[in-house]
Amino acid sequence: MRVERPDGTADPGDGGQDADPGERRLHESIADEARDRRERDDSLRDLFGNASVDAGRDVYGNVRNTASDGGTIFQGSTVFQNGTSFHDSTFNFTESGDGRCVITHLRIQDADELLEWFVPPVSQESLEMRVETETLVFLRGAEGTGRRSAARAALLNWVRKRGSAASSDETEEHVGEIRLPRGKVDVPELRRGHGYLLELTSGDGRVREIDHLSDLAVRYECRLVVLIPLKPAVRPAIDHVPASDQAVFLRWLHHAARTDVDPRQLAEIEQTITARLDGEHSPSFVATQARQAVHRLRKGHSLAAVVEDLLDELTGRLREDIRRRIDTRDPVLGGCFMAAVAALHGCPEMVISRAAMDLAERIDEDWKVHDKRRTRPIWEELQSWLDSTKSRTGPSPRPGDGRTLLLDRPRAPGTALRVLWEEHPTIREALIQWLRRLTEHPDPGVQTRAAHAVGMFATFDFDTINTRFLGEWSASRSSHDHRRAALVLEAAACDVQLKDRVHAHLRDLASSVRYGHRSVAVRAYGSRIGLEAPAEALRVLRSVSVRLNLRLNHEIAVTVANLCHPGTAPAIVGELSAWVTAGSDGGRYSAALAFGRLAAPWSTASLGPVLAGLCESDHLVRLWQNALRLRIASKGSDWPRLALPDAWDVFCAWVRLHDEHHDTRVVVDRVAATVDARELELYLRFWRRRRRISQELYSHLMGMSKGATPCS
């Protein structure tokens, strides 16, 4: 099949078509994309810490999803962080499409575990009394404060108390969560005597749907708890009052420790930490810190080191220390150096020192400070800056780059940025202009860390960052600006209380007709945002991929590759196969580029031939046919090229495993029987002459290709 390359005039602001990313060698693209992922992960870890990146996510465990019209069930996976170790939980995702409800039921064993570690909030008794007597109950509170767990516990207690709990031969509890897609909503199939949870985000005006659900709940003798944000106040609701930090910390500390941690160590942590908790953290954050402390003890960290980290994280000691160091006037540029190290943590010393001086110049410019009115920072030593900020030097990442600089305490970079933004309003404008310049630095690593620092500021003041950064970058024609905006949103979503707002922002961008808006959404879903919500990410990618735009289709392919791991591979491969079947030019082109990244054996991030053992062979065969057949012609050219130039090289890697793996052999044989026989013979001869395949395999595959249908 030949697809004509568009001329770029049909979509104003489409970013142009002059640069075709698909013309790069695939292994080079894969290497660059893997390096970008590592840089982003390192940057987020420095800003938010190992635990906070995933703090606050409620773990359902294994669940089953049903759609109001049956939907399409597919396998997937997600990863929840437990301290610094990962626990895999397999899901059956339901992709129901627009306008259909999805109901997710909780497994019995996960319901039992929830009630075991659950710490009742102050408002729990009022919630359970209301659930006992009323069909529809609104629970108002901020994300990350335990309101979802409180609602689940109340519903579980209600179904079990009234005798409608699951029987011994069932695997699902009679409590489920309803997900309402945007737009018109079908009526879900509620079950008699079940309890249901529904969450509405800020600005969600679907009150009519809630009324319909309430009527259904009355008819089927159900209970419906609706989670609503603090503002606006839509209806009378119970205000969720979280449990105390001390209660949450102790419960999770002992729950995580079980019996394999020395009780004397736990007692020491209790005595030192619980009395000093400042009550300023969400329950999810406190619980995560307790789990991480136990994990570090198991890994052999000293008790003193674990206690010191907990004091920094939970008592405000780190913030107070950083505040004092920023406020000191000796050395003169100590505060600016602290800001530079925090924003560019891990970057070369020359870059950070230059950034510190740039910030000082911007502050001077804003306040019209002349050299004669303040001490000149001439001959200030780097060591005095390091001492004043508690920074240290690290090894050079590459020869010639110089040593790197880092703050010596976990989460210090993020805490320093928070102190600078919240407690120094007179320099906010200088910080904004300074970070904007850093996001335009020629080094992509510096760009990444600066954009993530902007994202950290978004967790304090999203409206300002949206106005000063996101709005401008999303409306731009530059792919560099789109990358910056996606990085900001990736960092902002690490704050559990901002996740819903980020997802709502991305849905608005994805539904826009402007190329820049869609590009930002696609790139953002290729980050941790999409890994936490793979079904939502695939839905957005499907809608955006329909139209052929070479640059945007390339971004879709990169995002798909970022989302793929052994747990999500079956769902993703099935989705790409559906794009090919649908037949749109953009969908087929995106599928070819994405599948090349998944099938290539050149990167540890790629699954390569392992896909054959994870996914349905029909899907894989269809994707191989598309990758090996689809051609695209540049504007003004009569000689179309393969949409995926390295398709045959990637296929060769699969062919060479023909005799070693049964699943791979099945796929390769079926592909050989359906692609163009003349083209297959050309490559088989070439591989045989280069001794990449044996004469026997050459003969076998040539025999399979007899009667193959020529490509159209």
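This text goes with the structure placed above it.
Note that the coordinates shown come from a computational prediction; the quantities given were computed from them, not determined experimentally. Numbers given to residues run from 1 along each chain, matching the order in which its sequence is written. Side-chain atom pairs in this predicted model are given and counted only at pLDDT of 80 or more, local residue features only at pLDDT of at least 70, and totals for whole chains, interfaces and linings cover all residues. Excluded from the side-chain calculation are hydrogens and water; included are all heavy atoms of the structure.

Novice: What is the right way to read the nonpolar core from this model?
Specialist: The nonpolar side chains of a soluble globular protein tend to be buried with one another. Residues belong to one nonpolar core when they are buried, are Ala, Val, Leu, Ile, Met, Phe, Trp, Tyr or Cys, and are joined through side-chain atoms within 4.5 Å. Relative accessibility thresholds used throughout: buried, under 20% of the residue-type maximum; exposed, over 50%; partly exposed, between the two (1.4 Å probe, protein chains only). Leu-344, Trp-434 and Trp-624 are the most contacted members of the largest nonpolar core, which totals 142 residues. Grouped together as the second largest cluster of nonpolar side chains are 47 residues, Leu-127, Leu-197, Ala-293 and Val-307 included.

Novice: Which parts of the structure should I look at to understand the packing of helix 27 (residues 617–629) against helix 29 (residues 662–672)?
Specialist: Two measures define how a pair of helices packs: the angle their axes make with one another and the distance between the axes. The convention used is that axes are lines fitted to C-alpha atoms, helices contributing only their stretch in contact, and that angles between N-to-C directions extend from 0 to 180 degrees. Helix numbering and strand numbering both begin at the N terminus, where a helix is a DSSP run of H or I of at least 4 residues and a strand a DSSP run of E of at least 2. As a packed pair, helix 27 and helix 29 sit with axes 9 Å apart at the nearest point and diverge in direction by 45°. Considering the angle they form, helix 27 stands oblique to helix 29. Crossing angle aside, the handedness with which helix 27 passes helix 29 is right-handed. Here helix 27 contributes Ser-617, Asp-618, Leu-620, Val-621, Trp-624 and Leu-628 to the contact with helix 29, which in turn contributes Val-666, Val-667, Arg-670 and Val-671. When grouped by side-chain class, the residues that make up the contact of helix 27 with helix 29 number seven nonpolar, one polar and two charged. Convention used here: angles under 35 degrees read as roughly parallel, angles over 145 as roughly antiparallel, angles from 65 to 115 as roughly perpendicular, and any remaining angle as oblique. By definition, turning the near helix anticlockwise from the far helix through less than a right angle yields a left-handed crossing, and turning it clockwise yields a right-handed one. Contacts are residue-level and defined by heavy atoms, with any inter-residue pair within 4.5 Å sufficient. Just so you know the grouping, Ala, Val, Leu, Ile, Met, Phe, Trp, Tyr, Cys and Pro go in nonpolar, Asp, Glu, Lys and Arg go in charged, and all remaining residues, Gly too, go in polar.

Novice: How should the pairing of strand 12 (residues 404–407) be read in this particular structure?
Specialist: Strand residues, when the strand is regular, have side chains that alternate between the two faces of the sheet. The alternating pattern of strand 12 places Thr-404 and Leu-406 and Leu-405 and Leu-407 on opposite faces, both of which are buried. Criterion used throughout: strands pair if DSSP finds at least two bridges between them. Here four bridges tie strand 11 (residues 391–394) to strand 12, and the two strands are oriented antiparallel to one another. Opposite Gly-394, over in strand 12, you have Thr-404 as the bridge partner.

Novice: Explanation requested: the packing of aromatic side chains in the structure shown.
Specialist: Aromatic pairing here means that ring centres of Phe, Tyr or Trp (its six-membered ring) are within 6.5 Å. Orientation follows from the plane angle: under 30 degrees is stacked, over 60 is edge-to-face, and everything else is tilted. If you walk through the whole model with that rule in mind, you get twelve aromatic pairs. For the pair Trp-648 and Phe-651, a centre-to-centre distance of 6.0 Å together with 85° between the ring planes defines the contact as edge-to-face. Of this pair, Trp-648 and Phe-651 both sit in helix 28 (residues 647–655), three residues apart, roughly one helical turn. Among the aromatic residues, those joined into a ring-pair cluster are Phe-595, Trp-624, Trp-648, Phe-651, Trp-654, Tyr-683 and Trp-687. As a reminder, the over-ring test applies to NZ of lysine and CZ of arginine, requiring each to be within 6 Å of the ring centre and within 35 degrees of the ring normal. The ring of Trp-421 has Arg-428 lying over it, and the distance from NZ or CZ to the ring centre is 5.5 Å. Sitting over the ring of Phe-469, Arg-436 keeps its end group 4.9 Å from the ring centre.

Note that all results are geometric; they support no functional claim without further evidence.
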